[in-house]
Each structure stands twice: as structure tokens, then as C-alpha cells.
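# Residue-level structural notes
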2 protein chains.
Amino acid sequence: MRTERGDWGLSRLARRASKSERQRLLQQLVREDPLLTDQMLARKLNVSVQTIRLDRLELGVPEMRARARQVVERVQGRVKSLGPAEVAGDLIDLELGVGGISILETTQEMAFAKTGIVRGHHLFAQGNSLAVAVIDAEVALTGSARLVFHRPVRVGDRVVAKATVKRVIGNKSIVRVESRVDGEKVFSATLTIFALDQQDLEAQKGGRQ
Amino acid sequence: MRTERGDWGLSRLARRASKSERQRLLQQLVREDPLLTDQMLARKLNVSVQTIRLDRLELGVPEMRARARQVVERVQGRVKSLGPAEVAGDLIDLELGVGGISILETTQEMAFAKTGIVRGHHLFAQGNSLAVAVIDAEVALTGSARLVFHRPVRVGDRVVAKATVKRVIGNKSIVRVESRVDGEKVFSATLTIFALDQQDLEAQKGGRQ
DNA sequence: TGCATCATTAGTAGCTGGTCCTAATAGCTT
DNA sequence: AAGCTATTAGGACCAGCTACTAATGATGCA
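Residues numbered from 1 in each chain as written. Chains lettered and ligands numbered in written order. Predicted model: local features only at pLDDT ≥ 70, side-chain atom pairs only at ≥ 80, totals over all residues. Heavy atoms only, no water.

Let's shift gears to helix α3 (residues 49–59) of chain A. Residues and elements named next belong to chain A. Of all the positions in α3, only I52, D55, R56 and L59 are classed as buried. Taken around the axis of α3, the buried residues stretch over an arc of 100°, which confines them to a single face. Opposite the buried face of α3, at more than 90 degrees from it, the exposed residues are Q50, L54, L57 and E58. Following α3 by one or two positions, G60 adopts a phi angle in the positive range, close to 70°. (Buried < 20%, exposed > 50% of the residue type's maximum accessible area, 1.4 Å probe, protein only. Helix = DSSP H or I, 4+ residues; strand = E, 2+ residues; numbered from the N terminus. Arc of directions from axis to C-beta.)

In C-alpha cells, the structure reads:
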């Protein structure tokens, strides 16, 4: 690499690197700071703006504004939580203290735009809502849970969740939820749910457990 | 051009709102999507581009490129003046492959009407989204999770979720999420997340790695 | 009724950060 | 000397702005 061609090596500013070296550097620079304009890059790499443009073209590096847009879209798209009123699925069967079934029609908004795969928390939302609904108490709160996502769910899939109360120990219930698409298991969870009276709640407002 | 003043009933946005209402909407729109240009806003709000410019001037809303730049800078970690009351339910810090922080402002719709306690799956949704966002891959999917709800969260609480990548084994990452309200832990989870890197997608981006 | 003020729209000039194209030049290599 | 690559220059054009001037219409109000 360092076998120079010509020895104009002692330029007054930084020595100019070879083309490939410069392009490697360019990629690194824009990765570190996507907001660098061609002009800034030209100054840093000690070449003309036109050369930077040619390099970007060759490397397929998009212009600054597009790079910024990409970052924004990535951030915005990724932190999309549950929609406002969206509480998970239609109850189609419910036997208090025993079990229940709900159905969730999946839509675009629930999925990653890129892949059409439904975000995991929507499956949990369905299961959690159902599990809480199944508990025969004034107020029921989820204490802990273990989840397994067996297979991706795609937009348009109809998810059928089935909850069964496995055990009741005092005010604590263990609920098992299994969700299926076309009979195939896609999600399962075991939840610990606490049944509370209003008094318990009042007590909790002040003190910590 | 538009001689009439009373064409109510077409669409919600076809009608022209009052100036203050329009400006309120404008602020909301740019907060939801910082990449909207003046032209797009003008169409959405059914006024001219010039009116949008005047509104932005009055409201101190910066131009689109500046808004994009702000988001990028915030995400890059060169946090400027992260205002306390400003962000609601979005990402405030993100370092790919390492960790991130998001804030969720809880609302009525997220809670049980009876108790004002936020439904557990919203906390998981926040944590899950954040965990997926920190993974440095084109596509990331949650494989399994263990959740603990330490204390109920009430409507109005501001939930700060912090995610940390604990371990990476092949395409599998273990991410720990802890959510707090006023410094007190309300929720925690350990998630296993799978990174699905699509080679062709990478190649399409110009050989950047 | 007339006049002032506000809201909205139109249009101009100029800026940044680009794209796309044509050319010229420098420095090898054959 | 001819051919090649790399680099630089310049012009025409574009989107999305800023900053300014000006016209028009509705509204208030004395």
C-alpha cells in the first residue's frame, strides 16, 4: 500500500491518501457523523468537493440529507409502542377463574414496516389482557411473566389466544396463555397475576413492598 | 380561489381551523413526524405554504432539515438541551449495540378505567420496542422474555426505560430493561432478541458494513 | 361609513447542499 | 505519442428553505 507513486508526499497539509484509502476513510467518517456535508468531507480529506461526489457515487453513499433522514426514520420507526385505545383482541369466550379465548386480527400498524412481522408486544398485550380478564377479582395486576415467541406472526394473521388458570395460591394466580395462528403455536406465556381488593390498592399507594 | 366559507363535512382536515387551532396541530404534526416539509404541512392543514412559514416563525418551529438534524444529534449522543417536559414516549438516547433510553408518558387510555393503573403490557411494549431498537441489525425479533412488574404505574406517571445489552452470542442478544418512575423501579425484564441480518439488504446499501 | 389592523396569499431574490453533465488537466503506463 | 485513470472545474438544474415586499379580504370599532 505504502509503496508510493511519485513523491509529492510532503504536501503542506495532510498528505493525500490513495483513492481506496480515502474511500475507506470517507465511509468511516459518514458512519461516525452522518451530518457531514460534501464540503466538510472535502476539507477533511484534502480533495475537491467533486471528488467526494464521485466517491459517494462509487460507494453508493447517499447525500447528507438522505443520511439524516435514514437515521430519523430508523429511530421513529423503532420506538412505536401500542396505539392509544388498542387493548388487544376480541373476547370470544370467558369463564371467570378458569379460562378464556380471544382473537386478534393483526394489522400493518402492529408490524415492522420492513418485514411485515408483528411486533412481539402486541402478542403479549393480547395474552396479558386475556389473562387479567380471566381472573375473578375486582382488580387484577400482572406481577411477572415468562414469554416465548415461537414463530413470527405476519400482518393479516388471525391470532387466537387461549388462557387457562393453572393454579391459585391465595391472591396469586398462575395463568398459562397459548396463542396460535392456523393451529400453529406462535406465542406462549406463563403469568403470575395478583388479585387485589380496593383496600390493597389504597395501602400500596403509600408504602412500598 | 376558495370563495366559500362553509364547506363543512367533507373531511376533518378539509375544513380550515382557526389560526390557534392550526398552530396547535402544526406543532403536533411536526412532533410526530419531523420530516414533514412546509409543502406537506400546507396540504395537510389546507393553507398556503406561506402561512405555514409564518406559523413556524411565530411558534419558533425550525425548518425540516434542522428538525432532522436535531433528532440525529440527539440520537448520536451529542445531546444538547434535552428539555425536561418536552419528549413523550420516545427515544431520547440510543447507542446501537450498547443501550438506550426511552420515556413514556402514561395516559388514561393505557390504564384500567377503574383503578387508573397502567396495563402491564404497555410497560412491556415500551421495553420491548427499546430492546429491539438497540440491536444493531436490519431486523430484530424478540424470542423470549422474563418480566417482573415491581409496582403499579398510575396514569400520568412518566416511565423512563433503560435498556442495556448484556451479552451477545452469535445472532442472539440478551438485553436487560429496567423502567423507573421518579427513580423507583416499576418494571424490569430480560429479553432474548434475535438479529436477522439480511445480506442482500446490506449489499444494496452500497457495501457499507 | 371609513379607516386601521390582522390573516392569508403571492411573488421575488438568494442560500445550501446537493444531482447530472461536459470538459480540461495531470500523471502514469504501454 | 497514445491511452488510461484520477482529479478538478464549471454550468444548468432542483428542493427546501430564509427574508423581504406587497396585495387582498375580513373584522373591529369609533
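The structure having been displayed, the exposition proceeds.
All names here are of chain A. Relative to strand β4 (residues 158–169), strand β2 (residues 99–105) runs antiparallel, the two being bridged by seven bridges. Paired with G100 across the bridge in β4 is A163. Connecting the antiparallel pair β4 and strand β5 (residues 172–181) is a turn made up of two residues, with G170 showing a positive phi of about 60°. (Pairing = 2+ DSSP bridges.)

A few words on the nonpolar core. Among the nonpolar cores identified, the biggest contains 69 residues, and F124 and L147 of chain A together with F124, L147 and V175 of chain B are the most heavily contacted of them. Aside from chain neighbours lying at most four places away, what touches L147 of chain A is F124, F187, S188 and A189 of chain A together with F124, S144, A145 and L147 of chain B. (Core = buried A, V, L, I, M, F, W, Y, C linked by side-chain atoms within 4.5 Å. Contact = heavy atoms within 4.5 Å.)

A word on the sheet that holds strand β6 (residues 184–196) of chain B. Strand order in the open sheet formed by twelve strands is β1(A)-β2(A)-β4(A)-β5(A)-β6(A)-β3(A)-β3(B)-β6(B)-β5(B)-β4(B)-β2(B)-β1(B), with antiparallel pairing between adjacent strands. The outermost strands of the open sheet, each flanked by one partner alone, are β1 (90–95) of chain A together with β1 (91–95) of chain B. Adjacent strand axes in the sheet meet at a mean angle of 20° when their direction is disregarded. Pairing between strand β5 (residues 172–181) of chain B and β6 of chain B: ten bridges, direction antiparallel. Residue E178 of chain B lies in a different strand from β6 of chain B, and its bridge partner there is S188 of chain B. Together, β3 (139–149) of chain A together with β1, β2 (99–105), β3 (139–149), β4 (158–169), β5 and β6 of chain B form the strand contacts of helix α5 (residues 120–134) of chain B, whose direction differs from that of β2 of chain B by roughly 150°. (Axes fitted to C-alpha atoms, helices over the stretch in contact; angles between N-to-C directions.)

All names here are of chain A. Mean pLDDT over chain A stands at 81; residues scoring 70 or higher make up 80%. For chain A, the element scoring lowest by mean pLDDT is helix α6 (residues 198–206), at 54; β5 scores highest, at 95. Per-residue pLDDT stays below 50 along residues 1–14; that stretch engages in eight contacts with residues further than four places along the chain or on separate chains. Considering only residues more than four positions removed or in separate chains, one finds that residues 205–209, a stretch of pLDDT under 50, has six contacts. (pLDDT = per-residue confidence, 0-100.)

For the structure on display, the rule yields 23 salt bridges over all chains. The salt bridge partner of E178 of chain A is R180 of chain A, with a shortest N-O separation of 3.3 Å. Residue classification places R180 of chain A among the partly exposed positions, given a relative accessible area of 33%. For the salt bridge of E58 of chain B with K19 of chain B, the shortest nitrogen-to-oxygen distance reads 3.1 Å. One end of the pair, E58 of chain B, is in helix α3 (residues 49–59); the other, K19 of chain B, is in helix α1 (residues 19–32), and 39 residues separate them in sequence. The network of salt bridges with shared partners includes R176, E178, R180 and K185 of chain A. (Salt bridge = Lys/Arg side-chain N within 4 Å of Asp/Glu carboxyl O.)

Right, let's get into the pairing of β5 of chain A. Residues and elements named next belong to chain A. By the bridge criterion, nine bridges tie β4 to β5 in an arrangement that is antiparallel. Across the sheet, the residue bridging to R167 is I174, located in β5. Joining the antiparallel neighbours β5 and strand β6 (residues 184–196) is a turn of two residues, in which D182 adopts a positive phi near 50°.

Residues and elements named next belong to chain A. For the structure shown, the criterion picks out three aromatic pairs over all chains. When the ring of F149 is compared with that of F187, the centres are 5.1 Å apart and the planes differ by 45°; the resulting orientation is tilted. Of the two residues, F149 is situated in strand β3 and F187 in strand β6; the sequence distance between them amounts to 38 residues. F187 matches F149 in its accessibility class, with the two residues each being buried. (Phe/Tyr/Trp six-rings, centres within 6.5 Å; stacked < 30°, edge-to-face > 60°.)

You can see A140 of chain A is positioned in strand β3. Between the C-alpha atom of A140 of chain A and that of N171 of chain A, which follows or precedes it by 31 residues, the distance is 9.4 Å. For A140 of chain A, the contacting residues outside a window of four places in its chain are V132, I135, I193, F194 and A195 of chain A together with F112 of chain B.

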